[in-house]
Amino acid sequence: MSSASFFSPAALASRRYTAPGVLGRIVAERAQDYAGAAFVPTAARPRARRFHAALAAGGLQLIAEVKRASPSQGAIAALDPVQAALSYQRGGAACLSVLTEPRHFDGSPQALIDVVAAVQVPVLRKDFVVHPAMLQEAADWGASAALLMVSVLGEDTGEYLQLAHHLGLDALVEVHDEAELDLALAAGAEIIGVNNRDLRTLEIDLGNSPRMIAHARARGYEGLLVAESGYRTPQDLQSVRSAADAVLVGSSLAGSGDLEAAARALLAPA
Ligand SMILES: O=P(O)(O)OC[C@@H](O)[C@@H](O)c1c[nH]c2ccccc12
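Residues numbered from 1 in each chain as written. Predicted model: local features only at pLDDT ≥ 70, side-chain atom pairs only at ≥ 80, totals over all residues. Heavy atoms only, no water.

**Student:** Account for helix α10 (residues 208-218), naming residues and giving values.
**Tutor:** Within α10 the residues assigned to the buried category are N208, S209, M212, I213 and A216. In an axial view of α10, the angular spread of the buried residues amounts to 120°, which keeps them on one side of the axis. Its buried side turned inward, α10 meets β7 (170-175), α9 (178-187), β8 (191-195), β9 (224-228) and α11 (238-241). Downstream of α10 by a residue or two, G220 has a phi angle that is positive, lying close to 90°. (Buried < 20%, exposed > 50% of the residue type's maximum accessible area, 1.4 Å probe, protein only. Helix = DSSP H or I, 4+ residues; strand = E, 2+ residues; numbered from the N terminus. Arc of directions from axis to C-beta. Contact = heavy atoms within 4.5 Å.)

**Student:** With reference to specific residues and values, describe the UniProt feature "domain: Indole-3-glycerol phosphate synthase" (unreviewed entry) in the protein.
**Tutor:** In the numbering used here, UniProt assigns the feature "domain: Indole-3-glycerol phosphate synthase" (unreviewed entry) to residues 44-266. End C-alpha atoms of residues 44-266 are separated by 38 Å, and the span's content is 39% helix alongside 20% strand. (UniProt positions renumbered as here; feature names shortened; annotations may be inferred.)

**Student:** A description of the site of the ligand should follow, citing residues and the corresponding values.
**Tutor:** Inspection of the region around the ligand gives 17 residues, with E65, K67, E174, S229 and S251 positioned closest. E65 is positioned such that a nitrogen or oxygen atom in its side chain is 2.6 Å from an oxygen atom of the ligand. E174 is positioned such that a nitrogen or oxygen atom in its side chain is 2.6 Å from a nitrogen atom of the ligand. For the ligand, the protein covers 99% of the area, taking 440 Å² as the surface of the free molecule. Of all elements in the fold, only β6 (145-149) and β10 (246-249) reach the threshold of two or more residues within the shell around the ligand. Of the residues belonging to the shell around the ligand, the class tally is 6 nonpolar, 5 polar and 6 charged. (Near = heavy atom within 4 Å. Polar contact = N/O pair within 3.5 Å; in protein donor to acceptor, adjacent residues only side chain to side chain. Areas by Shrake-Rupley, 256 points an atom, 1.4 Å probe, with all protein chains shown as cover. Nonpolar A, V, L, I, M, F, W, Y, C, P; charged D, E, K, R; others polar.)

**Student:** Describe in detail the sheet that holds strand β4 (residues 95-99), supporting the description with residues and values.
**Tutor:** The parallel closed barrel is built from 8 strands, whose spatial order is β1-β4-β5-β6-β7-β8-β9-β10. Adjacent strand axes in the sheet meet at a mean angle of 25° when their direction is disregarded. Sheet topology note: the strand β5 (residues 123-126)/β6 ladder contains 2 bridges and is parallel. From the neighbouring strand, L124 faces β6, where its bridge partner is A145. (Pairing = 2+ DSSP bridges. Axes fitted to C-alpha atoms, helices over the stretch in contact; angles between N-to-C directions.)

**Student:** Give me the pattern of salt bridges: which residues, what numbers.
**Tutor:** Counted according to the given criterion, the structure contains 21 salt bridges. As a salt-bridge pair, R47 and D170 come within 2.7 Å of each other at their nearest N and O atoms. Taken as a pair, R47 in the loop between α2 (21-34) and α3 (50-55) and D170 in strand β7 lie far apart in primary sequence, 123 residues in all. Judged by relative accessible area, D170 falls into the buried class, the value being 1%. With its nearest N and O atoms 3.6 Å apart, the salt bridge here joins R217 to D245. Of this pair, R217 sits in helix α10 while D245 sits in the loop between α11 and β10, and the two are 28 residues apart along the sequence. With relative accessibility at 34%, the residue R217 sits in the partly exposed group. Among the charged side chains, a network of salt bridges with common partners joins E29, R30, D33, R103, R125, D127 and E137. (Salt bridge = Lys/Arg side-chain N within 4 Å of Asp/Glu carboxyl O.)

Written as structure tokens, this is what we have:
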């Protein structure tokens with residue numbers, strides 16, 4: 001693994017993750033939830049790289065998100081996570097994302113565990129990772145990947161990325177602006193997600209992903225790129241269709257009433 005001392009109890013107790021705005025409140029709550037959580041890394045697990053492989057299949061792949069609520073929309077739909085996941089899988093999703101954050105996204109660990117048991121496609125743990133125990137949980141719950149947010153982890157992103165790999169997980173390393181992209185590249189991210197939503201203000205700019213993807217490629221990045229948030233129609237996907245490897249979509253699918261048809265319709269050529 002990386003530096004074992006980086007995740008020692010003393011180091012963890014002295015480290016604080018903060019962020020401005022809406023994101024900051026959620027990060028503070030998650031840090032409180034895991035304050036003092038035990039973390040003893042298990043032996044290295046082989047990396048199956050299933051999440052990575054599914055996104056690298058060619059064309060624009062769909063990561064469909066099981067999302068019952070969000071800070072920007074409140075309640076979206078009282079989805080049964082397993083039924084939603086199976087619908088997405090039938091609709092052609094290459095991977096699934098399952099929220100495990102309980103207060104603002106109405107997610108839960110059990111939703112992730114149940115979905116992993118029910119589907120064949122790889123599953124991402126979607127949460128605000130602020131403690132290494134959250135990656136251990138993701139691996140123990142059967143996730144293939146976990147989200148790492150550069151807006152939260154900053155310079156520590158590389159250490160968390162190495163821990164994820166040590167535990168056998170792929171990581172979706174999320175950025176929003178150029179400064180965060182630089183950190184993700186320096187950390188050695190293999191999968192970079194560009195969020196169209198500014199998590200401080202919750203505002204969406206669908207121009208952000210194509211812009212940042214172009215920056216990443218101009219810097220010589222050859223890894224996978226995922227466009228995230230705010231997509232509702234096949235037309236919305238035009239700007240990333242040939243540039244991104246995948247698109248991450250939650251709210252518009254989850255609130256559609258027919259998740260399978262909505263996933264299929266989104267993937268249809270515009
Ligand atoms: O619901 P949308 O707009 O389709 O977005 C999905 C996903 O990108 C969004 O849920 C998300 C992106 N990054 C996050 C970080 C934490 C929580 C949620 C997210």
